[in-house]
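Now for the letters of each chain:
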Number of protein chains: 2
Amino acid sequence: MLLIPGPVSCTDLVIDTLGQDSLTHTGPRFAETFKRVLLNLRKIFNSSKESGSLPLVLAGSGTLGFDLVGSNLCPTGKEKLLLLSTGYFSEELCECLREFYKLDVTVLSSKQVGGGIDIVVLQEMLQETKYDLVLMTHVDTSTGVLNDVEKLSGLVHSHSPESLIVVDAVCSLGCESIEFDKWGLDFVFSASQKALGAPPGLSISIISERALRLVLKERNDVDAPPRPYFTSLRKWVPSIQSYELGGKVHYFATPPIQLILSLDVALKELLETDYVTNHLSRSNWLKMQVVEEMKLRLVTLGPVEKTAHGLAAIYVSNPSEVMKRLQGIDIDIAGGIHPAIRTKYIRIGLMGRDATKENLLKVLEDYVN
Amino acid sequence: MLLIPGPVSCTDLVIDTLGQDSLTHTGPRFAETFKRVLLNLRKIFNSSKESGSLPLVLAGSGTLGFDLVGSNLCPTGKEKLLLLSTGYFSEELCECLREFYKLDVTVLSSKQVGGGIDIVVLQEMLQETKYDLVLMTHVDTSTGVLNDVEKLSGLVHSHSPESLIVVDAVCSLGCESIEFDKWGLDFVFSASQKALGAPPGLSISIISERALRLVLKERNDVDAPPRPYFTSLRKWVPSIQSYELGGKVHYFATPPIQLILSLDVALKELLETDYVTNHLSRSNWLKMQVVEEMKLRLVTLGPVEKTAHGLAAIYVSNPSEVMKRLQGIDIDIAGGIHPAIRTKYIRIGLMGRDATKENLLKVLEDYVN
């Protein structure tokens, strides 16, 4: 039983679909599937074709999304970035952009581990400085903090309409509501192995029309800073567009055929359910048990219903013992990952096939308490 | 029937292994498999642990290998590179390093499409200029040119022992002989979906001890040029080393579990066969048929036994017609990809489960001729 916050357990049909031979990546059978995947991703991102946005699927881990941001949305290298940090994965994104891409990154961190962003401070910062990019982590998988992306992006739009808004949705796409077009987001990146319910190995993202214009804009290449190749959207856009349009496939790099075929099934299955509501109600139910019945404390501060709905981060007195006990009966949960509290808490994934109320209750009642 | 030069058809056991649920990426079951994968890759690269080298497996397409070179082996951005170009994929690597990483790349191209590198000219260039890196494509999948890596690297060592030697082995690992330690190579990159017989989605490479020292060397980060994050070996090395050593896994990014599990089976199966000899004899046999019996011309110049043994690139008068006829009976071969002759030839893959003599003969006799 796999109850970590990703990779998650997949349905039988997703797994059966994964277990098939390769198809030609430029042939009609694969092209048709890839087209459907892109169209279904639009539904999950809530972004229409008419908006001029483009969904993207690349071979890679979720972390590859960091490079998609660094290599495409900061073409001059002189951009000013504001990063809202709510945990380990925000810090990783910061390291990527500041240390590796040498970008000017201002960080606004939540004051406490498990806390959110101070709206008043953010407002002041947006009024004081013009940022080219504002970046936030929808769900930080280390703390379970759920940023209110609608509210935060609204604030950015009203104070700094030119700023591009970037969202790390690795642990939110497929379990939290994301309204790419309505909220005016510019780049959202995620991965296959969490709430989408597919195997790991795919970086999944979407880019807005105005961000795409920035990426594709002709510029004097002599002045441009060094940038990687595999994450270059200048190279990928013609290929992905050819898959979405149908017709002759434009080759850039070989896509991971079987992963995309199984993602196709996972997306179809997800879209048949009320996935946002389902994750919300299961998470609320579980966390009420944890807090009310078991008298344990969540890492995430604030009301339980405002915490991430794809995982529960819970302080326990003996994390490694709990995990070892569970491993003994072949149940995997995850340990802490936030440096400040690493050895003090456990994380239970609430995504994927195995995350049923029954399974979760068993873990909680028999092993955590 | 899949007879393109990658992705190739896999054996039933590889496919069955692919079709399983995720495991925890930090758990002992996955860690054990990953360890075996790394050890078996050492056998295929012919590189011992004692040499201080490190094999690498990352989520990504073969193209990600380009970025592994650009982002790790050129830390100052002022390195001088010599690239031996033998076709489309060499040109892509050149574009990556010159246009994207802004590196100083000198190109020595084969004079004719399908031809190899002029050894005399190379010798002169190595005597004239000190290059930090010399890069070559073992097999260019667009032309079927097989570089004599042993000879070329020997030449580099004798004239310029400090130069690091980089080899694109995307279409050679698993079908051509590669002696990483003996030939003194420094970085060789490949992919899962060609002669290794696994599904696409994995970038597979190996780095030498002296190249690793360069990567891990402490330097003043202020002066360092921007570099990507996901391909940073500074980030990956502790993680991969922890998998090879066994014990507690050091997390960097989530590995594509199922792809690595199926690669494990593919490598075990490959190592049970005499894969270099098998590919060589099948390729020679097929190409003799093509040249002697069918009186067709290969794209690759020189004696047939010196051409790449994982594919056949053949001039035909009507490539699209041949491919359409074959598609009609569900056999996929590939078209041309080298810009100079794109519409004039076909490419038949000689790797993977479907590339039996019987199948190849059927394609040749019934459809190509």
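Taking an unreviewed UniProt entry as the reference, chain A is identified by name as alanine--glyoxylate transaminase belonging to Arxiozyma heterogenica. According to its UniProt record, chain A has this under Cofactor (unreviewed entry): "pyridoxal 5'-phosphate". Under the heading Sequence similarities (unreviewed entry), UniProt records this for chain A: "Belongs to the class-V pyridoxal-phosphate-dependent aminotransferase family."

Engineer: Any chance you could explain the relation of the copies chain B and chain A here in plain terms?
Structural biologist: The operation relating the two chain copies consists of a rotation about an axis and a shift along that axis. Note on the identical chains: chain B maps onto chain A by a rotation of 180 degrees and an axial translation of 0.0 Å, with an RMSD of 0.0 Å. Such a turn and shift between the copies fits a two-fold axis. It is Gly19(B) whose C-alpha, among those of chain B, lies nearest the rotation axis, at 1.8 Å. Both copies contact each other with a shared surface, as 100% of the interface residues of chain B are interface residues in chain A too.

Engineer: What is the right way to read the pairing of strand S11 (residues 311-315) of chain B from this model?
Structural biologist: A regular strand places its side chains on the two faces of the sheet in alternate fashion. Residues and elements named next belong to chain B. Counting buried residues in S11 gives five out of five residues, a clear majority hidden from the surface. Of the two faces of S11, the one lined by Leu311, Ala313 and Tyr315 and the one lined by Ala312 and Ile314 are each fully buried. In terms of strand pairing, strand S10 (residues 297-298) meets S11 through two bridges, oriented antiparallel. When the sheet's bridge partners are listed, Leu298 is paired in S11 with Ile314. Sheet analysis places S11 next to strand S13 (residues 345-349), joined by five bridges and oriented antiparallel. Within S13, the residue paired with Ala313 across the bridge is Arg347.

Engineer: What am I meant to see in unusual backbone geometry here?
Structural biologist: Excluding glycine, residues mostly carry a negative phi; peptide bonds, for their part, are mostly trans. In this structure, Pro7(A) follows Gly6(A) across a cis peptide bond, with omega equal to -5 degrees. You can see Pro7(A) is positioned in the segment before helix H1 (12-18). The phi torsion at Asn46(A) lies on the positive side, around 55 degrees, for a residue other than glycine. Mapped onto the elements of the fold, Asn46(A) is located in the loop between helix H2 (28-45) and strand S1 (54-59). Of note, Lys102(B) is a non-glycine position whose phi angle comes to about 60 degrees, a positive value. Relative to the helices and strands, Lys102(B) is located in the loop between helix H4 (88-100) and strand S3 (104-109).

Calculation criteria
Residues numbered from 1 in each chain as written. Chains lettered and ligands numbered in written order. Predicted model: local features only at pLDDT ≥ 70, side-chain atom pairs only at ≥ 80, totals over all residues. Heavy atoms only, no water. UniProt positions renumbered as here; feature names shortened; annotations may be inferred. Least-squares fit on C-alpha atoms with pLDDT ≥ 70 in both. Contact = heavy atoms within 4.5 Å. Buried < 20%, exposed > 50% of the residue type's maximum accessible area, 1.4 Å probe, protein only. Helix = DSSP H or I, 4+ residues; strand = E, 2+ residues; numbered from the N terminus. Pairing = 2+ DSSP bridges.

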